[in-house]
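# Understanding the architecture of this molecule
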Amino acid sequence: MTLDTLSVTRAHGGTQHVVKHASRSTGTDMTFSVFVPPQADDGTSCPVVWYLSGLTCTHANVTEKGEYRRACAELGLIFVAPDTSPRGEGVPDDPAGSYDFGLGAGFYVDATEAPFDRHYRMYSYIVDELPEVVASAFPVDLGRQAITGHSMGGHGALTIALRNPGRFRSVSAFAPIVAPSQVPWGEKALTGYLGADRAAWRGHDAVALIEEGARLPDLLVDQGEADNFLTEQLRPQLLEEACRAAGIPLTLRMQPGYDHSYYFISTFMEDHLRWHAERLRRAP
């Protein structure tokens, strides 16, 4: 497995890496970032937090604006941030050039509809390939994994954790799309990637997965009350209702005055990392 290191930067006693590799899942080059805390300097394996980004983002958005490194350095957490879609020559985009489908908007599914089925295999990339790639080069303890994400990435974090019980010791999200089958962003993306059969969408819809029996031990979600997408696209009350009916302990924090931006995410990032670290330290 060949990794191309694009940069290594010292930060908070640890190292921030940006890496590119040829992906077997997407058939393209994929770029991701990894922060390695100082606790790993002697080769000690550290727990890992996977962060999935939202629409229009690359690995760079959270890497540059997420303000996670100080907390990760203190808590001994490796922080991995992949891209949100395949990119490169021959990778199809939204025919209308919209931001909410195609490049930067892979929705963490494996597409079954042409022409997207060839490259848009982000579910397989995140679940199967990326952990293998990261573990080949960095001292991650894959027995202690956490996952989080923002917006479309919050959707990805929730659905991937629900579909892979026992893999992640903790799950959280920032302003997630909780029920993509019921909102415009999700309806467009799932139709384009998976086709018109709405039954096929349910495996990539957190609320639907919970309704069908998938469970998490507990869940932390932060949502800004001033988020422009709150009512039409995010609808956290649907997750709240599903978790209540299923008996899943959900901490949903509605944050007054906060919007959908990285000002919001960076404000509550440390809270999430401490929440994950507490659960990652517990005996399995």
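Right, let's walk through the structure included here. Keep in mind it's a predicted model, so treat the numbers as computed, not measured.

### What about the overall build of the chain?
- When you go through the chain residue by residue, the secondary structure sums to nine helices and nine strands.
- For a compact globule of 284 residues, the expected C-alpha radius of gyration is about 19 Å, and the chain comes in at 18 Å, within 12% of that figure.
- Judged by the C-alpha coordinates and their principal axes, the chain covers about 50 × 45 × 35 Å.
- By residue count, 60% of the 284 residues in the chain fall in the buried class.
- Relative to all contacts within the chain whose residues are 6 or more apart in sequence, the contacts with residues 24 or more apart total 72%.
- Counting 24 positive and 35 negative side-chain charges, the chain places the centres of these two groups 5 Å from one another.

### Some words on the sheet that holds strand 2 (residues 14-22)
- Reading across the sheet, the nine strands line up as 1-2-3-5-4-6-7-8-9 and stay open at both edges, with mixed pairing between neighbours. Looking at the sheet topology across the chains shown, the edges are occupied by strand 1 (3-11) and strand 9 (250-255). Taking the axes of each pair of neighbouring strands and ignoring which way they run, one obtains an average angle of 20° across the sheet.
- Summarising the sheet, strand 2 and strand 3 (residues 29-36) pair through eight bridges and their orientation is antiparallel. Bridge pairing in strand 3 places His17 opposite Val34.
- Sitting on the sheet, helix 3 (residues 122-137) is in contact with strand 1, strand 2, strand 3, strand 4 (46-52), strand 5 (78-82) and strand 6 (140-149), with an inclination near 55° to strand 3.

### Quick word on the side chain of Arg69
- Note that Arg69 resides in helix 2 (residues 69-75).
- Despite its burial, Arg69 pairs with no opposite charge, the nearest such side chain being Glu64 at 8.5 Å.

### Remarks on the pattern of salt bridges
- The tally for this structure, following the rule as stated, stands at 18 salt bridges.
- With its nearest N and O atoms 2.7 Å apart, the salt bridge here joins Arg274 to Glu74. Of the two residues, Arg274 is situated in helix 9 (residues 262-281) and Glu74 in helix 2; the sequence distance between them amounts to 200 residues.
- A salt bridge links Glu270 to Arg274, with the nearest nitrogen and oxygen atoms 2.9 Å apart. Residue Glu270 and its partner Arg274 are located together in helix 9, separated by four residues, close to a single helical turn.
- Look at the salt bridges and you will find they share partners, linking Arg70, Glu74, Glu270 and Arg274 into a network.

### Here's the deal with empty space enclosed by the protein
- Evaluated as defined, the whole model comprises one cavity of 30 Å³ or more.
- In this structure, the largest cavity encloses a volume near 30 Å³.
- Surrounding the largest cavity, Trp50, Ile126, Pro131, Gln145, Ile147, Arg167 and Phe168 form its lining.
- Mapped by element, the contributors of at least two residues to the lining of the largest cavity are helix 3 and strand 6.
- Considered class by class, the residues forming the lining of the largest cavity number five nonpolar, one polar and one charged.

### Let's talk about the packing of aromatic side chains
- Per the counting criterion, the structure on display carries 13 aromatic pairs.
- Seen from their ring centres, Phe35 and Tyr68 are 6.4 Å apart, and the 70° between their planes marks the pair as edge-to-face. Here the residue Phe35 occupies a position in strand 3, and Tyr68 occupies one in the loop between helix 1 (60-65) and helix 2, the gap between them amounting to 33 residues. For the pair formed by Phe35 and Tyr68, the shared burial category is buried.
- Site record: aromatic cluster; members linked through ring pairs are Phe35, Tyr51, Tyr68 and Phe79.
- Seen from the ring of Tyr68, Arg69 lies directly overhead, with NZ or CZ sitting 4.8 Å from the centre.

### A short note on the side chain of Gln223
- On the secondary structure map, Gln223 appears in strand 8 (residues 219-224).
- Beyond its immediate chain neighbours, meaning those up to four positions away, Gln223 contacts Ala175, Leu230, Leu234, Pro236, Leu252, Arg253, Met254, Gln255 and Phe264.

Analysis parameters
Numbering of residues begins from 1 in every chain and follows the order in which that chain's sequence is written. Local features in a predicted model are, by the rule used here, given only for residues with pLDDT of at least 70; side-chain atom pairs are given and counted only at 80 or more, and totals for whole chains, interfaces and linings are based on all residues. With hydrogens and water stripped out, all remaining heavy atoms of the structure feed into the side-chain values. Every helix listed is a DSSP run of H or I at least four residues long, and every strand listed is a run of E at least two residues long, numbered separately from the N terminus. We compute the radius of gyration over the C-alpha atoms and compare it with the globule rule, which gives 2.2 Å times the number of residues raised to the power 0.38. Partly exposed describes any residue whose relative accessible area lies between the buried limit of under 20% and the exposed limit of over 50%, with all areas from a 1.4 Å probe on protein chains only and scaled to the type maximum. Residues count as neighbours in contact if any of their non-hydrogen atoms are within 4.5 Å of one another. Here Asp and Glu are counted as negative and Lys and Arg as positive; His is not counted, and neither are the chain ends. Charged groups are reduced to one reference atom each: NZ for lysine, CZ for arginine, CG for aspartic acid, CD for glutamic acid. A strand pair is defined by DSSP finding two or more bridges across the two strands. For helices, the fitted axis covers only the stretch in contact; all axes are lines through C-alpha atoms, and the angles between them, taken along N-to-C directions, range from 0 to 180 degrees. What makes a salt bridge here is a side-chain nitrogen of Lys or Arg within 4 Å of a carboxyl oxygen of Asp or Glu, nothing more. Only protein atoms enter the 1 Å grid, on which a cavity is a set of points fitting a 1.4 Å probe that cannot get out and a pocket is an open set with protein on both sides within 12 Å along at least 5 of 7 lines, lining residues being those with an atom within 4 Å of a point. Grid points are joined across faces, edges and corners, and a volume is the space filled by probe spheres set on the points. Gly falls in the polar group here, along with every residue not listed as nonpolar (Ala, Val, Leu, Ile, Met, Phe, Trp, Tyr, Cys, Pro) or charged (Asp, Glu, Lys, Arg). Planes of paired rings set the category: under 30 degrees apart is stacked, over 60 is edge-to-face and the rest tilted, where pairs are Phe, Tyr or Trp rings (Trp by its six-membered ring) whose centres lie within 6.5 Å. A ring is considered to have a charge above it if a Lys NZ or an Arg CZ atom is located within 6 Å of its centre and within 35 degrees of its normal.

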